Structure formats: structure tokens, C-alpha cells
Amino acid sequence: METTHPIELNQPSWTQQIIIRNVTRADPPAPAWDGEYKHFRRLYAQAFERAQLGLSRLWLAELPGRGLIGQAFVQLNCDFPELANGYDRAYLYGFRVRPAYRNCGIGSQILRTIEQNLLSNHFCWLTLNVAKQNVAAYRLYERLGFRRIGEDPGIWHYIDDQGKRHDMHEPAWRMQKRLGSSD
């Protein structure tokens, strides 16, 4: 199956125009992806609050003239030190690239930016969970040097934008990478 991209792929420089940056107060309250993820608005607001406290970093990938095409959130410290402990281990979540822009190296660009930022702040490990059924993402992480270290039952919940609780079950693989390693 061939992916149709919204930009002519014979223009090699378009991926060099991508701006990867931290979320700011001027950004919309939640990257809702044209309404597709509006149910996560409360989660995004909580993530932004954590970022304001220095506990997280929220990253956006923008393509000038096209808008938001990717995002990734990183917890620097949380209640689970095996995921993020505030000094050498961080946790990646909320990572996505719009479908029309996948398989162009954007996910790799976002992760490289995050890894460089974490390394410059003395973090050594980046941990993540990837849904067992998300084979494409698993392959990307593996290609970028992440190794599977276990399983996660993927049981969590959230309150949507209407105030309704949703209980989730998304079995996942836990993966990690030693930052700065070439494997």
C-alpha cells in the first residue's frame, strides 16, 4: 500500500523546514488534531501544567504553511521512578505523527531532538510503552535503538472533555534506550 503525502516528495527540503519546539502558552490549550483527540483535552491541560512545573516537556512538530504534524510528551519526573525519576530517566508518551506525514522520517527527527535535549540535561535513559498491536511504532523504536525490556498491562483511565471517565486496556511492550548509544 502506497502512502499519499500532502507534499511533493520530489522536494527533498520540505522535511528540513519542520520546526520541532516546546509547547508555549500561546499554543492552543490542546493539540486536538482537528478534533480527533479533543477527548484528551484534560490530559493535555494536565501535561501542560506539569511542564510549567518543570516535570515534563511537551514537543510539537510544525510544518510552516501546514501546521501541527507531530507531537511528543516527555515526563521528566513522576510517581513511577522506573519510568521517570527526575535526574537520569525520562518517559516518552503521547507521541504521534499525522498519518499523511508518516514514513518520511519525521518521527525520527522528533525523537532525535528529544534525545539531544535530554542528554544536554544529563538524562541517560528514555523509556516508553508501545501498544502491542502498533507494530509500525514498535519497529520505529527498535530501529532507533530502543530495546524491549518487559510488558505493561496498559490499564489506565482518563476523564474526557465532557467529564466522562474512560477505562482503557491497551497491553503494551515496555522499551528503553540508553541515550547517546549508537545501537
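Okay, so let's go over this structure. (Residues numbered from 1 in each chain as written. Predicted model: local features only at pLDDT ≥ 70, side-chain atom pairs only at ≥ 80, totals over all residues. Heavy atoms only, no water.)

Remarks on the overall build of the protein chain
In step 1: Counting its secondary structure elements, the protein chain contains three helices and nine strands.
In step 2: Mapped in sequence order, the helices and strands of the protein chain form the string β-α-β-β-β-α-β-α-β-β-β-β.
In step 3: Contacts in the protein chain between residues at least 24 apart in sequence constitute 62% of all its contacts with a sequence separation of at least 6.
In step 4: As presented, the protein chain carries roughly 10,700 Å² of accessible surface, and 49% of it is formed by carbon and sulfur atoms. (Helix = DSSP H or I, 4+ residues; strand = E, 2+ residues; numbered from the N terminus. Contact = heavy atoms within 4.5 Å. Areas by Shrake-Rupley, 256 points an atom, 1.4 Å probe, with all protein chains shown as cover.)

Remarks on the nonpolar core
In step 1: Leu92, Ile110, Ile114, Leu118 and Tyr141 are the most contacted members of the largest nonpolar core, which totals 32 residues.
In step 2: Considering each element in turn, this core owes the most residues, five residues, to helix α2 (residues 106-120).
In step 3: Sequence-distant contacts of Leu92, that is, excluding residues within four places in its chain, are made with Ala72, Phe73, Val74, Leu111, Ile114, Leu126, Thr127, Leu128 and Tyr141.
In step 4: Residues Ala47, Leu60, Leu68 and Phe73 belong to the second largest nonpolar core, which totals 11 residues. (Core = buried A, V, L, I, M, F, W, Y, C linked by side-chain atoms within 4.5 Å. Buried < 20%, exposed > 50% of the residue type's maximum accessible area, 1.4 Å probe, protein only.)

A short note on the pairing of strand β7 (residues 155-159)
In step 1: Inspection of the sheet shows β7 paired to strand β8 (residues 165-169) by five bridges, in the antiparallel sense. In the strand pairing of β8, Tyr158 is matched with His166.
In step 2: Taken together, β7 and the strand that follows it, β8, pair antiparallel across an intervening segment of five residues, in which Gly163 is found at a positive phi of about 90°. (Pairing = 2+ DSSP bridges.)

These results come straight from atomic positions and should not be treated as a statement about function.
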